[in-house]
Amino acid sequence: MSPRKFFHPDLADLTLHRVLFALSDPTRLAVVSELMKTGERASGDLLAESVPRSTMTHHLKILREAGVTRTRPEGMRCLISLRRQDIDARFPGLLDAIMAHGGAEA
């Protein structure tokens, strides 16, 4: 069985409106905040008890397809990491500004 493949946009294809949309939801913002603190995490470790698995999967897909996160399959699980360097290279200071203001609510 071949490993799952996930779509990740190239750095040049990251767009501000998609990144901002991905970061506009409190659940997704909380995921980004957690990844900023802890680094790479298994997707199952990011599940909040109040968020159904299918909903969290949807949120992770939006973050990944916007270029905010990277998903790496490892065995039966997926590891999620923040594409911090890519976002900072494309939109300097954006994540820090969002987390300083909106991240406090997450």
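Throughout what follows, the structure given in this document is the object of discussion. (Residues numbered from 1 in each chain as written. Predicted model: local features only at pLDDT ≥ 70, side-chain atom pairs only at ≥ 80, totals over all residues. Heavy atoms only, no water.)

Take the packing of aromatic side chains next. Following the criterion strictly, the structure yields zero aromatic pairs and no others. Geometry around F21 places R28 over its ring, the cationic atom sitting 5.2 Å from the centre. (Phe/Tyr/Trp six-rings, centres within 6.5 Å; stacked < 30°, edge-to-face > 60°. Lys NZ or Arg CZ within 6 Å of the ring centre and 35° of its normal.)

Okay, the pairing of strand β2 (residues 69–74) next. The pairing of β2 with strand β3 (residues 77–82) spans six bridges and is antiparallel. Bridge pairing links P73 to C78 in β3. In textbook terms, the turn of a hairpin is the stretch between consecutive antiparallel strands, and for β2 and β3 this stretch comprises two residues, one of which, G75, has a positive phi near 65°. (Pairing = 2+ DSSP bridges. Helix = DSSP H or I, 4+ residues; strand = E, 2+ residues; numbered from the N terminus.)

Another aspect to go through is helix α2 (residues 26–38). Given a rise of 1.5 Å per residue, 13 residues ought to cover 18 Å, and the 18 Å separating the end C-alpha atoms of α2 matches this to within 8%. Restricting attention to buried positions, one finds in α2 the residues R28, L29, V31, V32, S33 and L35. At its buried positions, α2 is contacted by α1 (16–22), β1 (41–42), α3 (53–66), β2, β3 and α5 (94–101). Of the residues that open α2, the one with a side-chain oxygen 2.8 Å from the backbone nitrogen of T27 is D25. (Expected span 1.5 Å × (residues − 1). Buried < 20%, exposed > 50% of the residue type's maximum accessible area, 1.4 Å probe, protein only. Contact = heavy atoms within 4.5 Å. Polar contact = N/O pair within 3.5 Å; in protein donor to acceptor, adjacent residues only side chain to side chain.)

Here the focus is the layout of surface pockets. Counted as a void, the largest pocket has a volume near 260 Å³. The wall of the largest pocket is formed by 17 residues, among which R4, S43, T57, L60 and C78 lie closest to the centre. The greatest single-element share of the lining of the largest pocket, amounting to six residues, is contributed by α3. (1 Å grid on protein atoms, 1.4 Å probe; cavity = no way out; pocket = protein on both sides within 12 Å on 5 of 7 lines; lining within 4 Å. Points joined across faces, edges and corners; volume = space filled by probe spheres on them.)

Nonpolar side chains tend to gather and get buried jointly when the protein is soluble and globular. L23, V31, V32, L63 and V68 are the most contacted members of the largest nonpolar core, which has 24 residues in total. Elements with a minimum of two residues in this core: α1, α2, α3, β3 and α5. Considering every element that reaches this core, the biggest residue donor is α3, with five residues. Sequence-distant contacts of L23, defined by excluding residues within four places in its chain, comprise L29, V32, L63, V68, L95 and I98. (Core = buried A, V, L, I, M, F, W, Y, C linked by side-chain atoms within 4.5 Å.)

Along the chain, T69 turns up in strand β2. Once the C-alpha coordinates of T69 and I80 are considered, the two residues, 11 residues apart in sequence, prove to be 6.6 Å apart. For T69, the contacting residues outside a window of four places in its chain are H8, L35, L60, L63, R64, I80, S81, L82 and R83. Here the side chain of T69 touches R64 through a polar contact of 3.3 Å, landing on its backbone nitrogen.

Moving on, we get to the packing of α2 against α5. One can describe the packing of α2 onto α5 by two numbers: an axis separation of 11 Å at closest approach and a directional angle of 115°. As far as their axial angle goes, α5 and α2 are roughly perpendicular. Remark: the crossing between α2 and α5 carries left-handed chirality. Contacts between α2 and α5 involve L29, V32, S33 and M36 from the first element and L95, D96, I98 and M99 from the second. Among the residues making up the contact of α2 with α5, the classes are represented as six nonpolar, one polar and one charged. (Axes fitted to C-alpha atoms, helices over the stretch in contact; angles between N-to-C directions. Parallel < 35°, antiparallel > 145°, perpendicular 65-115°, else oblique. Left-handed = near helix turned anticlockwise from the far one by under 90°. Nonpolar A, V, L, I, M, F, W, Y, C, P; charged D, E, K, R; others polar.)

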